[in-house]
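Listed below are the residues making up each chain.
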Amino acid sequence: MERVAMVLEGCREALNEAENGGDSSNDVYSRFMKSHTCYDLIPTSSKLVVFDTSLQVKKAFFALVANGVRAAPLWDCKTQRFVGMLTITDFINILHKYYKSPMVQIYELEEHKIETWREVYLQDTSKPLVSICPTASLYEAVSTLIRNKIHRLPVIDPLTGNTLYILTHKRILKFLKLFIADLSKPEFMSKSLEELKIGTYNNIAVVRKDTPIYAALGLFVAQRVSALPVVDDAGHVVDIYSKFDVINLAAEKSYNNLNVSVTKGLCHRSQYFEGVLKCYQNETLETIINRLVEAEVHRLVVVDKEEVVKGIVSLSDILRALVLHTVGPDSS
């Protein structure tokens, strides 16, 4: 209750500033984020899985599946500190780098330890773990996520060195949505995606229903995207193949045959699939945010009246526009 009261007080402060003319109402979400810390967003109870870098890669990915999580901080017992994150992207990179054929076992996945994979993959490009402290503002968290082009940000206690929580775009937007009704609504919320130039509309990577999974993995690696719309011969979107769907290969232990189609791979979805979440360029930003939060998805496929794929709107696109006031795919 005390934490909720603090958050509501922050909402009132942001609202009062706008009413007093201190700032444009277009900055209200930025001020909200600056007036709240990462600690405000951390739930009282949540699951956090941590892997030691000496763990076998295969066991780590099985553990991700078993615990229903998409990423885990990596602890190096030699240096006694967190050194990185293991994510589904690592699983994709390993499969894409070492897969040969259904007849050849992926030795590196079966035998490598996490530390071995990191040495091979990072080589001389190793960078310190990007993290944030619990007292940092949510504005700083959003800026860090977007500036580093990452999807997960560990919140680490500077005193104990413990990881408290993993911040994501989805969690931050959901937190803002909880209190958005208490804030004055900026004019841009009533403008369309097209007017605000939010989303990516050039060189959209897509796959067809018969595209081999290995080819789809290649697009994930080369294009650095998190999802691939599945289209028919006319370009109509009929499904979507996301990075999260790839982890089902580990769940089903079917990663030794990546020549099968994405359609067959999608048959192993562990959760009920309600269909591709879509939107149109003439819909307002407010409508888009509501749809993203209510559906709890990471992106919407932008289509025209014929359901032909035109673009992608992601959570990072939305937060960049709401909080950092930068729009367009090339905004930095």
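Read on for an overview of the structure. This one's a predicted model, so the numbers in the text were calculated from it and none came from an experiment.

A few points about the nonpolar core
Soluble globular proteins tend to bury their nonpolar side chains together.
And then number 1: The biggest cluster of nonpolar side chains holds 46 residues, and the ones touching the most others in it are Tyr29, Leu167, Ile172, Leu285, Ile318 and Leu322.
And then number 2: A total of six residues in this core trace back to one element, the largest contributor, which is helix α16 (residues 315-324).
And then number 3: Leaving out residues up to four positions away in the same chain, Ile172 has contacts with Met33, Leu41, Ala141, Val142, Leu145, Leu167 and Leu319.
And then number 4: Among the nonpolar cores identified, the runner-up in size contains 41 residues, and Ala72, Leu109, Ile247 and Ala250 belong to it.

Some remarks on the sheet that holds strand β6 (residues 207-208)
Either a parallel or an antiparallel arrangement is found when strands of a sheet pair, and the pairing is made through backbone hydrogen bonds.
And then number 1: One open sheet accounts for three strands, arranged β6-β7-β8; its pairing is mixed. Taken across any chain shown, the strands that pair with only one partner, and hence form the sheet edges, are β6 and β8 (237-242).
And then number 2: Here five bridges tie strand β7 (residues 227-231) to β8, and the two strands are oriented antiparallel to one another. Note that in β8 the partner of Val231 across the bridge is Val237.

Notes on the sheet that holds strand β2 (residues 71-76)
And then number 1: The strand order across the open sheet built from three strands is β1-β2-β3, with neighbouring strands paired in mixed fashion. On the outer flanks of this sheet lie β1 (51-52) and β3 (81-87), each paired with one strand and no other.
And then number 2: Each of β1, β2 and β3 touches helix α4 (residues 57-67); the most contacted strand, β3, lies at about 70° to it.

What to know about the state of the cysteines
And then number 1: On inspection of all chains with the given rule, the structure shows zero disulfides.
And then number 2: Between Cys38, a free cysteine, and Cys133, which holds the nearest cysteine sulfur, the sulfur-to-sulfur gap is 7.1 Å.

Here's the deal with the packing of helix α8 (residues 138-147) against α16
And then number 1: Orientation of α8 relative to α16, taken along the N-to-C sense of each, is 135°, at an axis distance of 10 Å. If you check the angle between α8 and α16, you find them oblique. In this structure, α8 meets α16 at a crossing whose hand is left-handed. Residues Tyr139, Val142, Ser143 and Ile146 of α8 form the contact with α16, whose participating residues are Ser316, Leu319, Arg320, Val323 and Leu324.

Details of the environment of His325
And then number 1: Among the secondary structure elements, His325 is positioned in the segment after α16.
And then number 2: Residue His325 is classed as partly exposed on the basis of its relative accessible area of 35%.
And then number 3: Along the sequence, His325 and Asp27 sit 298 residues apart, while their C-alpha atoms lie 8.2 Å from each other.
And then number 4: In contact with His325, other than residues within four places in its own chain, are Asn26, Asp27, Ser30 and Arg320.

Some remarks on the pairing of β2
And then number 1: Here β2 lies mainly inside the structure; five of its six residues are buried.
And then number 2: Pairing of β1 with β2, which is carried by two bridges, proceeds in the parallel orientation. Counterpart to Asp52 in the pairing with β2 is Trp75.
And then number 3: Alignment of β2 against β3, held across six bridges, turns out to be antiparallel. Note on β3: the bridge partner recorded for Pro73 is Met85.

Digging into the environment of Lys185
And then number 1: Of note, Lys185 is situated in the loop between α9 (169-179) and α10 (193-196).
And then number 2: On the basis of relative accessibility, which here comes to 46%, the residue Lys185 falls in the partly exposed class.
And then number 3: Lys185 has contacts with Tyr29, Ser190 and Glu286, leaving out every residue within four places of it along the chain.

A word on unusual backbone geometry
And then number 1: The backbone of Gln80 shows a phi angle near 60°, a positive value even though the residue is not glycine.
And then number 2: In this structure, Gln80 sits in the loop between β2 and β3.

Observations regarding the packing of helix α5 (residues 88-98) against helix α11 (residues 213-223)
And then number 1: At a minimum axis distance of 9 Å, the contact between α5 and α11 shows a crossing angle of 120°. Taken together, the axes of α5 and α11 are oblique relative to one another. The element α5 and its partner α11 pack so that their crossing is left-handed. Here Ile92, Asn93, Leu95 and His96 of α5 lie close against α11, whose contacting residues are Tyr214, Leu217, Gly218, Phe220 and Val221.
And then number 2: Per-class residue counts for the contact of α5 with α11 are six nonpolar, three polar and no charged.

Parameters at a glance
- Residues numbered from 1 in each chain as written.
- Predicted model: local features only at pLDDT ≥ 70, side-chain atom pairs only at ≥ 80, totals over all residues.
- Heavy atoms only, no water.
- Core = buried A, V, L, I, M, F, W, Y, C linked by side-chain atoms within 4.5 Å.
- Buried < 20%, exposed > 50% of the residue type's maximum accessible area, 1.4 Å probe, protein only.
- Helix = DSSP H or I, 4+ residues; strand = E, 2+ residues; numbered from the N terminus.
- Contact = heavy atoms within 4.5 Å.
- Pairing = 2+ DSSP bridges.
- Axes fitted to C-alpha atoms, helices over the stretch in contact; angles between N-to-C directions.
- Disulfide = S-S within 2.5 Å.
- Parallel < 35°, antiparallel > 145°, perpendicular 65-115°, else oblique.
- Left-handed = near helix turned anticlockwise from the far one by under 90°.
- Nonpolar A, V, L, I, M, F, W, Y, C, P; charged D, E, K, R; others polar.

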